Amino acid sequence: MADNLPAEFDVVVVGTGLPESIIAAACARSGQRVLHVDSRNYYGGNWASFSFSGLLSWIKENQEKSDVSDECEDWRKLILENEEVLSLNKKDKTIEHVEAFCFGDQDSAKDVEEAGALPKLPVFGASGAEGVAQDPDKECPPLESAVARAESCEPEKAASVDPASTAEVNDTEVNCENESSHSLSSGESAPDLGKAEAAPSEVSAQEPKKIMYSQIVREGRRFNIDLVSKLLYSRGLLIDLLIKSNVSRYAEFKNATRILAFREGKVEQVPCSRADVFNSRQLTMVEKRMLMKFLTFCLDYEQHPDEFQDYKNSTFAQFLRTRKLTPSLQHFILHSIAMVSETDCSTLEGLQATRKFLQCLGRYGNTPFLFPLYGQGEIPQCFCRMCAVFGGIYCLRHSVQCLVVDKESGRCKAIIDHFGQRISANYFIVEDSYLSESVCRNVCYRQISRAVLITDQSVLKTDSEQQVSILTVPPVDLGQPAVCVIELCSSTMTCMKDTYLVHLTCPSTKTAREDLEPVVQKLFHLNTETGKETENEELEKPRVLWAVYFNMRDSSGIDRNSYSSLPSNVYVCSGPDSALGNDCAVKQVSQTNFFWLQNFSFKYSPCFCSGLFCFMVGNQYKYSYKASQLDTQNSYLTSKVNVSGIENGRNFRKGQLV
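In the annotation of an unreviewed UniProt entry, the protein chain is listed under the name Rab proteins geranylgeranyltransferase component A and assigned to Anser cygnoides. Among the UniProt annotations of the protein chain, the heading Function (unreviewed entry) holds the following wording: "Substrate-binding subunit (component A) of the Rab geranylgeranyltransferase (GGTase) complex. Binds unprenylated Rab proteins and presents the substrate peptide to the catalytic component B. The component A is thought to be regenerated by transferring its prenylated Rab back to the donor membrane." Per UniProt, the comment on the protein chain under Sequence similarities (unreviewed entry) is "Belongs to the Rab GDI family."

Spelled out as structure tokens, the structure:
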């Protein structure tokens, strides 16, 4: 049980975000005894994915910010005279300015139940609040009643998936079949990668299917909505790590199918590959030759220093103007290929970004990007599964009261959890959001503006409705950040059929709604009143059915010395950053000073690892994993891993990325 854990571990990890999960997996794989805890009732922290009703619960929780009382009040008796405590936060303060709106048809949804929902289970420290607060100007009573109904028939652990240990059935184990999945090979194209359950919808483009709010609530488990929106570069650090570690066997991926540009008020597709360039009708023959010549130069720009040396102190946008490129080509390269700031990006940074884009083309598809089926929240859970396979112990809803620090050595000796249990370890990994204000008083945090929309059409209609698109909307005023838009279709297993899930992200300058609503108004139709006259151009835009805006803390890139009184054996992991990829999280792991991680390449040595590894989630569930024969040839797994358990009411999906 979670209130009777072993008293000693090698590593204690607090928080289940992506960096913490990677470190936990690496430590467990190298033979360390790992305890991985999180005070939340879901995995992933700010990297998590939620079903629709789960997201509504998360919204309500962050709007109310209720205090969590100490379950154990006499834990201070465990502190010795030569020790001092470093208190940890018991509630998340990384999310602010949460605003949710319902733009869809609000038919009666109060009696609608989410399909496949499981009985609700008690959760430690839960506020028990129901419903979602709406903006006063757009109050929606049916939405609030539907939320309460949806929450009442779903477990409070509402994330789309949990790692190996998490399921919604109390003390129940269900065997899952290993489903066949697509295998990716380095340098090999995979056009049908990550096929989903449904064929493209045959609904007419002129008359999109009318989606009721009750349908969204009823099909809420079809949604897997990410708190942070990212894509995986096909030759990025995270993909390499997934391949070398074989963690990719726990997930499936779909390649992004197109890259879009927003120019002169219109959305258009950007040609990426050589074939796309020469088949494009948007570019003249002269422009095609210009573009191919410049992209060829970017691939080996270091071999031609004379061509950019004079512009090292200039911005990349200024450098592009000297290359005799047309304005449309400059726009495509700056905002859709390099995807960098027009004012802040230097020439070298722009060339590096362009080369990275080009090097990732063609490995798994026609674009450089992959997206994990069921959402970005799958990735940290995949690493948690590996940690569990090698004996890591997991506890959700398990808050930590404090770190116990030795006054003489300045090293952390133990943690004290909410049960009043003292657990000793040699090293401690702590997510930034758990650190108290006294430790972070000198830290200057940035913010990320986020919006998530459910829409009825794609921003750019084509013959195929199953498109995964990325679009960068340049700022209206110089100095303002560009907005990254990622549009996901139902084949990514993140939304219900006939809808699209749209993520908008940018560095914050104001609240998320103030930063992102102007972009939403450019791309989408928000008017729900059919009686008003609307221009034809507005009617052609996709209609927003539901939206949420929020600001998220960006704690990436903070120097360790900025934290006050941090023990030498305590390492801090940041939350998500505003970049498109995941390189920042992987770099944090590589910079960790653990002696067993410095030379740890995540590659398997030939071995036979069999047996059952049992671990706990809070004090509610128990699960078992069984690992089979592993083969290191070409760094991929030759046999499957049998997993017992159910995640969020559905079977696991398996995949290989090799």
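A. Region of the structure containing the pattern of salt bridges. The final tally for this structure, using the stated rule, is 22 salt bridges. In this structure, Asp-38 and Arg-40 form a salt bridge, with 3.4 Å as the shortest nitrogen-oxygen distance.

B. Geometry of the environment of Ser-438. Here Ser-438 lies in the loop between β17 (427-431) and β18 (446-455). Between the C-alpha atoms of Ser-438 and Ser-564, which are 126 residues apart in sequence, the distance is 7.3 Å. A distance of 3.0 Å separates polar atoms of two side chains, one belonging to Ser-438 and the other to Ser-436.

C. Up close: the packing of helix α1 (residues 18-29) against helix α14 (residues 583-590). Where α1 meets α14, the closest approach of the two axes is 9 Å, and the angle between their N-to-C directions is 40°. The angle between α1 and α14 places the two elements in the oblique class. Of the two elements, α1 crosses α14, and the hand of that crossing is right-handed. Touching Leu-18, Pro-19, Ile-22 and Ile-23 of α1 are Ala-585, Val-586, Gln-588 and Val-589, all from α14. Of the residues assigned to the contact of α1 with α14, the class counts are 7 nonpolar, 1 polar and no charged.

D. Layout of unusual backbone geometry. Residue Tyr-374 is not a glycine yet carries a positive backbone phi of 75°. Assessed through its relative accessible area of 8%, Tyr-374 is described here as buried. Positive phi outside glycine occurs at Ser-565, with the angle close to 55°. Position of Ser-565 among the secondary structure elements: in the loop between β22 (544-554) and β23 (570-573). Judged by its relative accessible area of 61%, Ser-565 falls in the exposed class.

Criteria and cut-off values
Residues numbered from 1 in each chain as written. Predicted model: local features only at pLDDT ≥ 70, side-chain atom pairs only at ≥ 80, totals over all residues. Heavy atoms only, no water. UniProt positions renumbered as here; feature names shortened; annotations may be inferred. Salt bridge = Lys/Arg side-chain N within 4 Å of Asp/Glu carboxyl O. Helix = DSSP H or I, 4+ residues; strand = E, 2+ residues; numbered from the N terminus. Polar contact = N/O pair within 3.5 Å; in protein donor to acceptor, adjacent residues only side chain to side chain. Axes fitted to C-alpha atoms, helices over the stretch in contact; angles between N-to-C directions. Parallel < 35°, antiparallel > 145°, perpendicular 65-115°, else oblique. Left-handed = near helix turned anticlockwise from the far one by under 90°. Contact = heavy atoms within 4.5 Å. Nonpolar A, V, L, I, M, F, W, Y, C, P; charged D, E, K, R; others polar. Buried < 20%, exposed > 50% of the residue type's maximum accessible area, 1.4 Å probe, protein only.

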